[in-house]
Amino acid sequence: MPEHTTAIDYVMEAASGPHFSGLHLDDRFLSSSFTDSIKQPFVIGVSGGSASGKTTVCDMIIQQLHDHRVVLVNQDSFYRGLTAEESARAHEYNFDHPDAFDTEQMLECIETLKQGKSVQLPIYDFKNHRRCSESFRQVNVSDVIILEGILVFHDQRVRDLMNMKIFVDTDADVRLARRIRRDTVERGRDVNSVLEQYAKFVKPAFDDFVLPSKKYADVIIPRGGENHVAVDLIVQHIRTKLGQHDLCKLYPNIYVIQSTFQIRGMHTLIRDKDISKHDFVFYSDRLIRLVVEHGLGHLPFTEMQVVTPTGSVYSGVDFCKKLCGVSIVRSGESMENALRACCKGIKIGKILIHRDGDNGQQLIYEKLPKDISERHVLLLDPVLATGNSANQAIELLIQKGVPESYIIFLNLISAPEGIHCVSKRFPSVKIVTSEIDVAINEEYRVVPGLGEFGDRYFGTDD
Ligand SMILES: Nc1ncnc2c1ncn2[C@@H]1O[C@H](COP(=O)(O)OP(=O)(O)O)[C@@H](O)[C@H]1O
Ligand SMILES: Nc1ccn([C@@H]2O[C@H](COP(=O)(O)O)[C@@H](O)[C@H]2O)c(=O)n1
Ligand SMILES: [Mg+2]
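Residues numbered from 1 in each chain as written. Chains lettered and ligands numbered in written order. Predicted model: local features only at pLDDT ≥ 70, side-chain atom pairs only at ≥ 80, totals over all residues. Heavy atoms only, no water.

Caption draft 1: How the structure looks around the overall build of the protein chain. Across its full length, the protein chain carries 16 helices and 21 strands. Counting over 462 residues, the protein chain shows a buried share of 48%. If you take every contact in the protein chain between residues at least 6 apart in sequence, the share linking residues at least 24 apart comes to 71%. Surface exposure of the protein chain reaches about 23,300 Å², of which carbon and sulfur atoms provide 51%. (Helix = DSSP H or I, 4+ residues; strand = E, 2+ residues; numbered from the N terminus. Buried < 20%, exposed > 50% of the residue type's maximum accessible area, 1.4 Å probe, protein only. Contact = heavy atoms within 4.5 Å. Areas by Shrake-Rupley, 256 points an atom, 1.4 Å probe, with all protein chains shown as cover.)

And the structure:
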């Protein structure tokens, strides 16, 4: 517990935000492969031409994220040091080519930080083109890692470590003017050498390597450090992501409903093996209703105006009408009532998938409305375990003509394996869940989970 917080503050803080039940588990469930994926730092790559304002943008982000632990890693730290001979002819050396950097070392360093371990970064001296031999910069575990440099998007392995990629886009003349000023003031150069280096190496490498990597960016910031609106939006996004499960950082279509003590209390009850059947059904129904309502929030809407009894106009929205529920039999049927209660007269189809171990999935029954291809589908199954049944159901819906992006999969509990399995294959399907559990065990059951949901809900477990 942090020293300055009281016990209750700590409990309240831990209780707010989406809840990942695995964080409160018995150690025996926390196998390293799953703990590794529970809380990883958010990695942001910031690229752009030299003197575009990368460092300035990073400083602004760090300042605004002041209540989070943020570390900045500069690609410059991984410049290979020049030999004495190379140093003497430094004006002939291309510092803007990818080979000028030790990318393997940079990869190792970011991977180590992502695993929650601290690293020692080399310190680079631009005046004599060498790494300081005796000192290092210690970088500790953090919530956010920002990796900044002209070529951080060049290598796919480095890109793959990033959760968000930002390209700082600034006009070439502005970059050159800034570079002349910076390099003469801070990096011990004269104007002639800066201009020569720019024409010979910096500009060609920008055209050959930096600019082509712009296509990998998620966000492009025009005017660099002057663009406060862009930086504000980025910081907002990072804050949202920091409150989320790592899987939500990885897959943007996963939505975990915002946890409260009520929700955690209900989960505590339905997960308790000794709860009565009546209570299991009652609290499952309450949770299902919340998930269904949240899922409906992802449907498209049309704008609509009504006149209120005061004669004023209220500008609101109209619900999406072309809907269909599809339950994966049998436990998915437990979610039908909640859906019917929210969507008057909704059609509900069924898909039955025979489950035989992990692989032998076989579809044996389906009953769907004829016009299903025109409807948004709310696919119902309270537990997402391996993801095999879900994938089979989604595949069938797609075969029937339902666009992938029209499918919203609703469940109470998701295992990371199921999320990976569905999201990798169907990245446009939205998954709405109330908790992400730790894993599935050798028997393909979610842990901690809640056992056989269908048996417990329909009373066939005795
Ligand atoms: N918006 C700005 N207005 C004026 N000068 C700026 C602005 N943004 C950055 N600079 C200056 O330009 C130079 C290069 O910016 P920097 O952020 O270090 O770029 P990069 O890290 O992309 O090389 C620095 O001297 C910095 O102070
Ligand atoms: N010894 C060195 C090493 C690098 N450079 C130049 O630095 C630029 C990258 O740093 P930014 O902060 O501008 O992104 C790069 O364009 C190299 O040309 C150097 O001049 N000397
Ligand atoms: Mg910089």
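Caption draft 2: Molecular detail of the sheet that holds strand β19 (residues 435-436). What the 3 strands build is an open sheet, ordered β15-β17-β19; its pairing is parallel. On the outer flanks of this sheet lie β15 (383-384) and β19, each paired with one strand and no other. In terms of strand pairing, β15 meets strand β17 (residues 413-414) through 2 bridges, oriented parallel. Paired with L384 across the bridge in β17 is S414. (Pairing = 2+ DSSP bridges.)

Caption draft 3: Summary view of the site of ligand 1. For ligand 1, the full set of nearby residues is G49, S50, A51, S52, G53, K54, T55, T56, E148, R178, R182 and E226. Between ligand 1 and the protein, one listed contact pairs an oxygen atom with a backbone N or O atom of G53 at 3.0 Å. R182 places a polar side-chain atom, nitrogen or oxygen, 2.9 Å from an oxygen atom of ligand 1. When ligand 1 is considered free in solution it has 540 Å² of accessible area, and contact with the protein chains removes 72% of it. For the shell around ligand 1, the secondary structure elements donating two or more residues are α3 (54-64) and α7 (172-185). Per-element accounting of the shell around ligand 1 gives the leading share, 3 residues, to α3. (Near = heavy atom within 4 Å. Polar contact = N/O pair within 3.5 Å; in protein donor to acceptor, adjacent residues only side chain to side chain.)

Caption draft 4: Representation of a nonpolar patch on the surface. A cluster of nonpolar side chains, M304, V306 and Y314, forms an exposed patch at the surface whose accessible area comes to about 280 Å². With respect to the helices, strands and loops of the structure, M304 is situated in strand β9 (residues 302-307). (Patch = residues over 30% accessible without salt bridge, like charges linked within 9 Å, V, L, I, M, F, W, Y side chains within 5 Å. Salt bridge = Lys/Arg side-chain N within 4 Å of Asp/Glu carboxyl O.)

Caption draft 5: Seen up close, the environment of L247. Positionally, L247 belongs in helix α10 (residues 246-250). A C-alpha to C-alpha distance of 8.3 Å links L247 and H420, two positions 173 residues apart in sequence.

Caption draft 6: Region of the structure containing the packing of aromatic side chains. Counted under the stated rule, the structure contains 10 aromatic pairs. Taking 4.9 Å as the distance between ring centres and 35° as the angle between the ring planes, the aromatic pair formed by Y79 and Y124 counts as tilted. Residue Y79 is located in the loop between β2 (70-74) and α4 (84-88), and its partner Y124 is located in strand β3 (residues 119-125); the two are separated by 45 residues in the primary sequence. Residue Y79 is classed as buried on the basis of its relative accessible area of 7%. Ring centres 5.1 Å apart and planes at 90° place the aromatic pair Y124 and F126 in the edge-to-face group. Of the aromatic side chains, those joined through ring pairs into one cluster are Y79, Y93, F95, F101, Y124 and F126. Above the ring of F126, the side-chain terminus of R187 is found at 3.6 Å from the ring centroid. (Phe/Tyr/Trp six-rings, centres within 6.5 Å; stacked < 30°, edge-to-face > 60°. Lys NZ or Arg CZ within 6 Å of the ring centre and 35° of its normal.)

Caption draft 7: Fine view of helix α5 (residues 103-114). Along its 12 residues, α5 runs 16 Å from first to last C-alpha, staying within 8% of the 16 Å computed at 1.5 Å per residue. Contact partners of the buried residues in α5: β1 (42-48), β2, β3, β4 (130-139), β5 (144-148) and α6 (156-159). G116 occupies a position one or two residues after α5 and carries a positive phi of about 85°. (Expected span 1.5 Å × (residues − 1).)

Caption draft 8: Examining the nonpolar core more closely. L296, L323, L339, L378, L410 and L412 are the most contacted members of the largest nonpolar core, which has 35 residues in total. Those residues in contact with L412 that sit more than four places away from it in its chain are H267, I270, S284, L287, I288, V291, D381, P382, T433, S434, E435 and F453. Residues V71, L113, Y124 and F167 belong to the second largest nonpolar core, which totals 34 residues. (Core = buried A, V, L, I, M, F, W, Y, C linked by side-chain atoms within 4.5 Å.)

Caption draft 9: Region of interest: the environment of H267. Tracing the sequence through the fold places H267 in helix α11 (residues 261-271). In this structure the C-alpha to C-alpha distance between H267 and S434, which are 167 residues apart in sequence, comes to 9.0 Å. Those residues within four positions of H267 in sequence are excluded, and the remaining contacts are L287, L412, I413, S434 and E435.

Caption draft 10: Representation of the site of ligand 2 in the model. Taken together, 17 residues are adjacent to ligand 2, and S50, D96, Y124, R179 and R182 come closest. The contact in question runs from an oxygen atom of ligand 2 to an N or O atom on the side chain of R179, over 2.7 Å. Here an oxygen atom of ligand 2 and a side-chain polar atom of Q197 are 3.0 Å apart. Burial of ligand 2 by the surrounding chains reaches 99%, relative to a free accessible area of 470 Å². The residue makeup of the shell around ligand 2, split by class, is 7 nonpolar, 3 polar and 7 charged. (Nonpolar A, V, L, I, M, F, W, Y, C, P; charged D, E, K, R; others polar.)

Caption draft 11: Geometry of the sheet that holds β5. The parallel open sheet is built from 5 strands, whose spatial order is β2-β5-β1-β6-β7. Among the strands making up the open sheet, the edge pair consists of β2 and β7 (219-222). Across the sheet, the mean angle separating the axes of adjacent strands is 20° when strand polarity is ignored. Lying on the sheet, α3 is in contact with β1, β2, β5, β6 (164-169) and β7; it crosses β5 at an angle near 170°. (Axes fitted to C-alpha atoms, helices over the stretch in contact; angles between N-to-C directions.)

Caption draft 12: Representation of the pattern of salt bridges within the structure. For the coordinates displayed, the defined rule picks out 24 salt bridges. Residue R157 is joined to D155 by a salt bridge in which the shortest nitrogen-to-oxygen separation is 2.9 Å. On the basis of relative accessible area, R157 is assigned to the partly exposed category, the value being 40%. Put simply, K322 and E374 hold a salt bridge, and the shortest N to O gap is 3.4 Å. Within this pair, whereas K322 is found in the loop between β10 (313-318) and β11 (323-329), its partner E374 is found in the loop between β13 (362-367) and β14 (376-380), the two being separated by 52 residues in sequence.

Caption draft 13: Summary view of unusual backbone geometry. Here V329 and R330 are connected by a cis peptide whose omega angle stands at 10°. Here the bond from V447 into P448 is cis, since omega is 0°, no more than 30 degrees from zero. By the element assignment, P448 lies in the loop between β21 (446-447) and α16 (453-458). Phi is positive for H129, which is not a glycine, with a value near 60°.

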